[in-house]
Amino acid sequence: MSATYAPSASIASTPGKAGPARLAFLLLFPGFFFYQTLIGMGVMGAFVGGYFSVVSIGLLPPLACMYYLAIRASGYRIASTDLQFGFFLFYFFLVVAINAAFGADPTIVKTHLLSILYFINIYLIFKHSDFSERKTIATTLASLLLMSATVFFFSRDGSFQPGQFGDPTSPDSVATYQELARSYVLTFVTVICFTRVLAARLVLYAIAAAALFLNGARSELVAALSLFPMIELYRAKHWLPFLYLVLLVSGLASIDPKFLATHFPESRVWELFNLSQSSSASARHELTEHALRTIADNPVLGAYASYPPGGYSHNILSAWVDLGLFGFVYMLFMLGRTTVVLCSRGWLARPRSGQFLLAWSLICISLLLLVTAKTFDDMFTGAAMGAYANYRNTRRPPGSRR
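As recorded in an unreviewed UniProt entry, the protein goes by the name O-antigen ligase family protein, listed as coming from Massilia orientalis.

(A) Region of interest: the overall build of the protein. Counting its regular elements, the protein contains 16 helices and 0 strands. Across the 402 residues of the protein, 50% fall into the buried class. A separation of at least 24 residues holds for 78% of the contacts in the protein among residues at least 6 apart in sequence. When the accessible surface of the protein is totalled, it reaches about 18,000 Å², and 67% of it is carbon and sulfur.

(B) Quick peek at the packing of helix α6 (residues 134-154) against helix α8 (residues 177-192). Their axes nearest at 9 Å, the elements α6 and α8 cross at an angle of 140°. On the basis of the axis angle, α6 is oblique to α8. Here α6 and α8 pass one another in a crossing that is left-handed. Residues T140, L141, S143, L144, M147 and S148 of α6 form the contact with α8, whose own contacting residues are S183, Y184, T187, F188, T190 and V191.

(C) Quick peek at empty space enclosed by the protein. By the definition in use, this model includes 2 cavities of 30 Å³ or more. Considering the residues around the largest cavity, the lining is formed by L287, H290, A291, T294, Y307, G311, Y312, S313, S318, V321 and D322. Put simply, the parts of the chain that give the lining of the largest cavity at least two residues each are α13 (279-297) and α14 (317-346). Here the element with the most residues in the lining of the largest cavity is α13; it accounts for 4 residues. The residue makeup of the lining of the largest cavity, split by class, is 5 nonpolar, 5 polar and 1 charged.

(D) Structural view of the nonpolar core. Formed by 109 residues in total, the largest nonpolar core has its most connected members in F88, F126, F188, V189, L358 and L362. The biggest single contributor to this core is α14, with 12 residues. In contact with F126, other than residues within four places in its own chain, are F25, F29, F131, L186, T190, L358, L362, A383, G386, A387 and N390.

(E) Region of interest: the environment of C343. By secondary structure assignment, the location of C343 is in helix α14. Exposure remark for C343: the relative accessible area of 41% places this residue in the partly exposed category. Sequence-wise, C343 and W360 are 17 residues apart; in three dimensions their C-alpha atoms are separated by 8.0 Å.

(F) Structural context of the packing of aromatic side chains. For the structure shown, the criterion picks out 31 aromatic pairs. Between the aromatic rings of F25 and F29, the centroid separation amounts to 5.3 Å while the plane-to-plane angle is 50°, which identifies the pairing as tilted. By relative accessible area, F25 is classed as buried at 1%. Relative accessible area serves as the criterion here: at 0%, F29 is assigned to the buried category. Considering the side-chain rings of F88 and F92, the 6.2 Å spacing of their centres and the 40° angle between planes classify their relative orientation as tilted.

(G) Representation of the pattern of salt bridges within the structure. Under the defined criterion, the tally for this structure stands at 4 salt bridges. Here R22 and E133 are joined by a salt bridge, their closest N and O atoms 3.1 Å apart. With R22 in helix α1 (residues 18-28) and E133 in the loop between α5 (106-128) and α6, the pair connects residues that are 111 residues apart, well separated along the chain. The exposure class assigned to R22 is buried, which follows from its relative accessible area of 17%. The class for E133 is partly exposed, based on a relative accessible area of 28%. We note a salt bridge from E232 to R201, for which the minimum N-O separation is 2.6 Å. Taken together, the residues span a long stretch of sequence, with E232 in helix α10 (residues 218-235) and R201 in helix α9 (residues 198-215) at a distance of 31 residues.

(H) Up close: unusual backbone geometry. A positive phi is found at Y51, a non-glycine position, where the angle reads about 85°. Structurally, Y51 is set in the loop between α2 (30-40) and α3 (52-73). Notably, Y76 is not glycine yet its phi reads approximately 60°, a positive angle. As for its placement among the helices and strands, Y76 is situated in the loop between α3 and α4 (80-101). Taking relative accessible area as the criterion, Y76 reaches 49% and is therefore assigned partly exposed.

(I) Main features of the packing of α6 against α9. Running from N to C, α6 and α9 cross one another at 45°; their axes reach a closest spacing of 9 Å. Here α6 lies oblique to α9, going by the angle between them. Seen along the crossing, α6 lies across α9 with a hand that is left-handed. Along its contact with α6, which presents L141, L144, L145, S148, V151 and F152, the element α9 presents L204, I207, A210, A211 and L214. Here the contact of α6 with α9 is built from residues that sort into 10 nonpolar, 1 polar and no charged.

Calculation criteria
- Residues numbered from 1 in each chain as written.
- Predicted model: local features only at pLDDT ≥ 70, side-chain atom pairs only at ≥ 80, totals over all residues.
- Heavy atoms only, no water.
- Helix = DSSP H or I, 4+ residues; strand = E, 2+ residues; numbered from the N terminus.
- Buried < 20%, exposed > 50% of the residue type's maximum accessible area, 1.4 Å probe, protein only.
- Contact = heavy atoms within 4.5 Å.
- Areas by Shrake-Rupley, 256 points an atom, 1.4 Å probe, with all protein chains shown as cover.
- Axes fitted to C-alpha atoms, helices over the stretch in contact; angles between N-to-C directions.
- Parallel < 35°, antiparallel > 145°, perpendicular 65-115°, else oblique.
- Left-handed = near helix turned anticlockwise from the far one by under 90°.
- 1 Å grid on protein atoms, 1.4 Å probe; cavity = no way out; pocket = protein on both sides within 12 Å on 5 of 7 lines; lining within 4 Å.
- Points joined across faces, edges and corners; volume = space filled by probe spheres on them.
- Nonpolar A, V, L, I, M, F, W, Y, C, P; charged D, E, K, R; others polar.
- Core = buried A, V, L, I, M, F, W, Y, C linked by side-chain atoms within 4.5 Å.
- Phe/Tyr/Trp six-rings, centres within 6.5 Å; stacked < 30°, edge-to-face > 60°.
- Salt bridge = Lys/Arg side-chain N within 4 Å of Asp/Glu carboxyl O.

Put into structure tokens, the structure is as follows:
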């Protein structure tokens, strides 16, 4: 019988790679989920604030050391993907620094500086983690199942909101449902992309779909659902299992939403079926129109922080507003080039690669969220670029630029 999880050539042979990246992933994503759940339930106080920024600052030195050791072991050859993404981060930082010097809103400046930090950490984590390694598989799978069990057990009326059913002592530090969904989806993707047995994947699909439904983060739910047929198409040795999945999804889609709504009345997912009545959709439409007006008035340089904190456009137009035309075009080029390379070189390659599937899944999620729901500094972009660098690393001989 074939192995449940896909083995791969180790990418952790370079000194300093595997351990710090694996630990950092567990701390930043499953760790964030469990920490926020506990403070939302009132089990403990927010002893490290909102967790993510504090932990990210603490993780930067070991991750930077890991990257330095990897560079030194490769003869100080810097991968082209590192240079490409590094240039984007440098330009991003330069824009923030210049505008901060001229009095830009300090709240937005702080948010963007933290975004740059998150980009660096997440890129390094996904570039240097071997998610096919057995120890990593065991920890990520256990984390995913425990996160799912937490969502199922503590949901009320079809909704998982720790801050609502608990009594948090630090309510201002409780994460939003989108932040919890981000941790869940990133953990799910790292597991499902290396799962070879169809039956195991189908079980994980069902668990993830149910958990994200209860979580209520619509964008992340749609992103995860869109991965299921792509993963099966890539993994299928013949078309029959893929056809079964299509029939299953079609059957689920035919269920009357009103029937489910009576059993899960608090779920925010129902707004997807009537966006015209969704306050969130209306607000995002207004923010997009504001971004378009800002771009029309400032087509070249944009207008950094020209909106109140939180009043950003929930799509990639936010890059044009904050980074100007050059930043917007460069980001499109970077993501577009990555997508084209993956599409042209990975889909028909043999043997099947979990590293490719992870990079492809993350770039698809990133593009979908950037078009529909998230700002240009969304963390999925850093994860996608890191996973792409990881995949390129496994395809090139040692010592080559990649």
